[in-house]
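If you want the building blocks of each chain, they are given just below.
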Amino acid sequence: MAALEAAEAALEAAEAELGRRQEQQEEEEEENHNHDREGGGEPAALNGLVSENMKSKNVDVKIPESELEAEDRGAEEERPRESDSNILDLSSDYPRDKHISIQRHLADLEKLADLREDERKPCPLCPEEKFKACYSHKLHRHLQNLHWKVSVEFEGYRMCICHLSCRPVKPNLAGDQTLSKMGAHYHCIICSATIVRRTDMIGHINRHVNKGETESRFSTVHAPKSSYNVVKESATDVQVLPNHSTPQKTDSYFNPKMKLNRQLIFCALAVLAGERKPIECLDAFGATGIMGLQWAKHLRSSVKVTINDCNENSVTMIKENCHLNKMKVKLNSREEDNGETVGNGEENSDTIEVTKMDANVVMHLRSFDFIHLDPFGTSVNYLDSAFRNVRNLGIVSLTSTDISSLYAKAQHVALRHYGCNIVRTEYYKELAARAVIAAVTRAAARCNKGIEVLLAVALEHFVLVVVRVLRGPTPADDSAKKVRYLIHCQWCEERVFQKEGNMVEENPYQQLPCDCHGSMPGKTAVLLGPLWSGALFNTGFLRRMLLEAVQYGLDEAQPLLKTLVSEAECTTPKHFCTHSPGDENKQEECGVYIRTPNTSAESYLVHAGKRKSEEVLRGTAKRQRAEHSAEHPPFYYNIHRHSIKGMNMPKLNKFLNYLSEAGYRVSRTHFDPMGVRTNAPLAQFKTVLMKYSTPTYVGAQAEGPVHLPGEIQVGEEVPAAAVIKVEEAELAEDDKSGVAAAVVTESYPTHCATE
């Protein structure tokens with residue numbers, strides 16, 4: 001108890017002593033404050049100017065007496081400190097709300113230190129711990145070399161590097177922030193942001209310029225029309241900002257590399273416009289509005305175009321581009337009055353409706369015949385809304401630009417977005433297209449709708465899928481059954497779709513044609529998917545797209561469409577001829593009439609009213625349906641991937657002929673320039689490739705025939721010189737007949753080939 005009482009007494013004594021010290025400190029501060037007020041209110045006049053000493057920086061700044069008289073004489077004057085980031089610029093022609101480090105000339109920066117006096121002066125942009133006060137000549141050299149030479153210039157002003165404590169400094173290991181290293185930085189002239197690196201500061205200013213933010217602080221001002229660039233594509237002019245090709249950093253995203261994509265979508269819309277008119281079409285992500293403008297400018301009264309975008313700046317630019325192309329703008333069911341509209345006598349023929357909504361909202365509110373989705377990245381977030389109100393036999397096209405996930409570079413993202421497990425394979429582009437179609441199929445089935453794939457293209461920058469919508473639970477069930485898993489062998493790249501059914505097989509490896517599981521240790525195959533297992537192309541629709549491309553002069557789309565037609569039919573590439581509408585035949589596919597070339601004209605030259613003529617017509621229709629219903633083989637093989645080491649492969653076109661002579665369906669593919677789409681198994685593919693390959697060195701023939709591991713041995717070996725002569729002769733014949741490879745980069749004549 002005694003010890004406790006002693007401790008309490010000591011604590012009370014300490015508290016009393018602490019209270020006395022606080023009272024003494026408050027009295028001293030009050031006396032100093034009164035002393036400052038008595039001595040600080042009397043200005044000393046000298047030639048009409050008053051000199052005030054700035055203790056924190058030891059800089060004498062002369063202030064006119066009239067400014068001091070305008071202030072309250074009884075108020076306490078605030079002295080600027082070196083760490084204050086709101087120090088005003090003393091130059092008269094510069095706004096006073098800018099930072100001290102932003103000046104027009106080096107002389108303006110030197111005025112802050114007042115180098116005219118022969119005294120030691122500190123640097124106005126460095127703390128005393130970094131640069132001590134020195135004489136004028138040394139300080140001038142310091143300002144020029146350390147601050148002015150590394151500055152960033154913008155419209156006549158220099159943003160010099162600043163070493164003041166404007167940015168929060170991370171404390172050191174000891175927890176002392178004052179002893180930490182002062183971070184150098186720049187102050188933005190537009191938004192007053194602090195940037196550490198010079199290159200980042202230059203990029204920061206460029207982003208402001210590209211967005212039109214070139215004036216005042218924290219304010220966005222649109223750039224004048226002179227700063228816009230006018231881009232022309234397919235007889236359509238659009239205004240874009242200088243950074244139009246940088247997504248997520250501009251309101252007017254325009255990618256010139258997507259011209260082929262826009263032409264394919266236009267051809268698909270033109271084909272739909274030929275089936276029924278007028279049709280209502282939607283460009284859900286307008287950006288500059290160039291796609292919708294091309295639709296309305298070329299198809300005229302056949303379409304009613306609606307361009308939507310959720311960005312206000314993009315909507316404004318779409319309206320300006322409509323006026324630039326002499327199109328009327330329809331807003332809230334009322335047309336804008338504009339003197340630049342075209343008076344061609346057709347009502348609403350050149351009218352475009354522009355809406356500012358979320359894409360999901362506009363597709364929920366209205367019904368459309370044609371919907372195109374082209375967001376930045378994946379489009380799975382908009383599929384449910386697209387299939388909700390799309391009309392029967394309408395078309396939904398979507399462009400996916402999330403290439404990293406679709407091409408198996410970010411497999412976890414593909415699993416999250418598309419619910420699909422994929423790996424990097426030799427046919428990864430077709431794998432990406434089938435993964436997108438599987439997601440589209442599931443979204444359509446949730447709305448009791450089925451799909452028919454009309455077109456699937458996967459190129460370097462995008463994956464384009466065009467599907468026709470079929471209403472009803474039966475088409476939805478039929479489409480959902482075509483979504484299956486894929487068994488892929490990781491050793492030989494053989495692949496096969498899993499059999500339809502719910503029963504679990506004891507050994508799924510038996511479905512693969514290869515025997516890698518028996519000859520290789522461990523697990524050799526992986527399960528990919530779910531993927532679309534049906535056809536990727538509709539031959540009749542592609543032929544009509546080709547006709548529209550020829551009619552409207554879309555030169556870039558014609559070579560690709562010719563490749564797609566040959567790939568859909570799985571035939572060797574040939575020249576295509578364009579027929580007039582009178583030479584074409586109407587055929588019904590999926591409830592709509594399409595036009596196909598009349599290949600058997602003699603069968604139609606029969607007398608009307610006879611039973612024989614009806615039987616011939618019926619038989620011809622059945623034969624045509626059988627030809628069009630034959631789906632192309634899934635996936636393809638890369639000839640370089642399966643080449644034999646030490647052997648020279650034959651030319652790709654010749655190899656296609658060799659496979660065709662062996663009785664297999666074969667064609668080239670747009671997915672891979674060196675890919676071969678065929679229904680031949682991989683073992684037969686390698687056998688034919690080995691048979692017509694020649695050794696790299698002639699001396700290697702003495703070693704005997706080359707054996708394929710696990711494959712059929714080639715019985716007879718053709719001498720190298722004879723094979724070379726045969727290849728040269730066949731190549732000369734191909735050149736005479738005009739057979740060429742139908743790759744995307746080649747160009748083809750539009751006239752009929754003479755056979």
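1. Some details on the sheet that holds strand β27 (residues 675-678)
Taken together, three strands build an open sheet; the order of strands is β24-β27-β26 and the sheet is antiparallel. Because the sheet does not close on itself, it has two edges, and the strands there are β24 (637-638) and β26 (666-668). Both β24 and β27 contribute to a ladder of two bridges, which runs antiparallel. Across the sheet, Tyr637 pairs through a bridge with Val676, a residue of β27.

2. Comments concerning unusual backbone geometry
Geometrically, the link from Lys277 to Pro278 is a cis peptide bond, its omega value of -5° lying close to zero. In this structure, Pro278 sits in the loop between α6 (259-275) and β10 (279-283). The omega torsion of the bond from Gly529 to Pro530 falls at 5°, within 30 degrees of zero and hence cis. Relative to the helices and strands, Pro530 resides in strand β21 (residues 525-532). Residues other than glycine seldom take positive phi values, yet Ala287 does so here, at roughly 55°. At Ala408, a position not held by glycine, the phi torsion is positive, near 65°. Position of Ala408 among the secondary structure elements: in the loop between α11 (403-406) and α12 (411-418). Given the relative accessible area of 10%, Ala408 is considered buried.

3. Describing the pattern of salt bridges
Tallied over the full model, the rule gives 19 salt bridges. Glu275 is the partner of Arg544 in a salt bridge, and the nearest nitrogen-oxygen pair spans 3.0 Å. A residue pair is termed long-range when its members are at least 10 positions apart, and Arg544 in helix α16 (residues 539-551) and Glu275 in helix α6 qualify at 269 residues. Judged by relative accessible area, which is 5%, Arg544 ranks as buried.

4. Considerations on the environment of Gly394
Following the sequence through the fold, Gly394 ends up in strand β16 (residues 390-400). With a relative accessible area of 0%, Gly394 lands in the buried category. Spatially, the C-alpha atoms of Gly394 and Arg471 are 9.7 Å apart, while their sequence positions differ by 77 residues. If near-sequence neighbours (up to four positions away) are discounted, Gly394 is found in contact with Arg276, Asp369, Val467, Arg468 and Val469.

5. A word on the packing of α6 against α16
Relative to each other, α6 and α16 sit at 105°, their axes nearing to 9 Å. On the basis of their axis angle, the class for α6 and α16 is roughly perpendicular. Counted together, Leu264, Cys267, Ala268, Ala270, Val271 and Glu275 of α6 and Phe541, Arg544, Met545, Glu548 and Ala549 of α16 form the full contact between these two elements. Among the residues making up the contact of α6 with α16, the classes are represented as eight nonpolar, no polar and three charged.

6. Quick word on helix α20 (residues 682-691)
The buried fraction of α20 is high, at seven of ten residues. Where α20 is buried, its residues meet β24, β25 (647-648), α19 (652-661) and β27.

7. As for the sheet that holds strand β20 (residues 495-497)
Strand order across the open sheet formed by three strands is β20-β19-β21, with antiparallel pairing between neighbours. A single partner strand is all that each edge strand has here, and the edge strands are β20 and β21. Between one strand axis and the next, the sheet turns by 25° as a mean value, whatever way the strands run. Summarising the sheet, strand β19 (residues 483-489) and β21 pair through six bridges and their orientation is antiparallel. Within β21, the residue paired with Val483 across the bridge is Trp532. Seen against the sheet, helix α13 (residues 428-446) touches β19, β20 and β21 and runs at an angle of roughly 50° to β21.

8. Topic: the nonpolar core
If you look at the biggest cluster of nonpolar residues, it comprises 111 residues, and the most contacted ones within it are Phe387, Val463, Met545 and Leu561. Filtering out sequence-adjacent residues up to four positions away, Phe387 remains in contact with Val396, Val440, Ala443, Ala444, Cys447, Lys449, Ile451, Val467 and Val469. One finds Leu652, Leu659, Leu682 and Met690 within the second-largest nonpolar core, a separate group that totals 21 residues.

About the criteria used
Residues numbered from 1 in each chain as written. Predicted model: local features only at pLDDT ≥ 70, side-chain atom pairs only at ≥ 80, totals over all residues. Heavy atoms only, no water. Pairing = 2+ DSSP bridges. Helix = DSSP H or I, 4+ residues; strand = E, 2+ residues; numbered from the N terminus. Buried < 20%, exposed > 50% of the residue type's maximum accessible area, 1.4 Å probe, protein only. Salt bridge = Lys/Arg side-chain N within 4 Å of Asp/Glu carboxyl O. Contact = heavy atoms within 4.5 Å. Axes fitted to C-alpha atoms, helices over the stretch in contact; angles between N-to-C directions. Parallel < 35°, antiparallel > 145°, perpendicular 65-115°, else oblique. Nonpolar A, V, L, I, M, F, W, Y, C, P; charged D, E, K, R; others polar. Core = buried A, V, L, I, M, F, W, Y, C linked by side-chain atoms within 4.5 Å.

These figures come from the coordinates and say nothing about function on their own.
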